Every structure is written in C-alpha cells, then in structure tokens.
Amino acid sequence: MRKDRLYEEDLLVNGTVGGEVLTKHERQVLRQEAGELKEKMEQAKQEPIAE
C-alpha cells in the first residue's frame, strides 16, 4: 500500500474531484477500517503460502 494512498482518497472524497463532504465521524470510520485492512494485509504477508 502506497503511503500517499490515504491522502489521495481524502482528496477524492473531500476534494474538488469527488465533491462529497463527509462528516468527521465518517472520516474516522473510514480511517479505522483502512487501518484494519492494512493490519490484515500485513498478517497475510507473514503467513506461509499454502499450495
């Protein structure tokens, strides 16, 4: 996951591109979900590949 991904998504959602304005709570929920997904992806990288 690129480090600037959250910044880009912030621009898409709250910037002139997306035009949709989220509440503070909605932004917090999205950031939390993104953090959880990142954690799961890191854990998956550590698991051996089953063939």
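Check the entry above for the structure.
Before going into details, it helps to say that this report is about the structure given with it. (Residues numbered from 1 in each chain as written. Predicted model: local features only at pLDDT ≥ 70, side-chain atom pairs only at ≥ 80, totals over all residues. Heavy atoms only, no water.)

## Considering the overall build of the protein
- Looking only at helices and strands, the protein has two helices and zero strands in total.
- Accessible surface computed for the protein: about 5,000 Å², of which carbon and sulfur atoms make up 54%. (Helix = DSSP H or I, 4+ residues; strand = E, 2+ residues; numbered from the N terminus. Areas by Shrake-Rupley, 256 points an atom, 1.4 Å probe, with all protein chains shown as cover.)

## Some thoughts on the pattern of salt bridges
- Here the structure, examined in full by the defined rule, presents one salt bridge.
- The salt bridge partner of glutamate 42 is lysine 45, with a shortest N-O separation of 3.5 Å. Here glutamate 42 pairs with lysine 45, and both are found in helix 2 (residues 24-46), just three residues apart, close to one helical turn. (Salt bridge = Lys/Arg side-chain N within 4 Å of Asp/Glu carboxyl O.)

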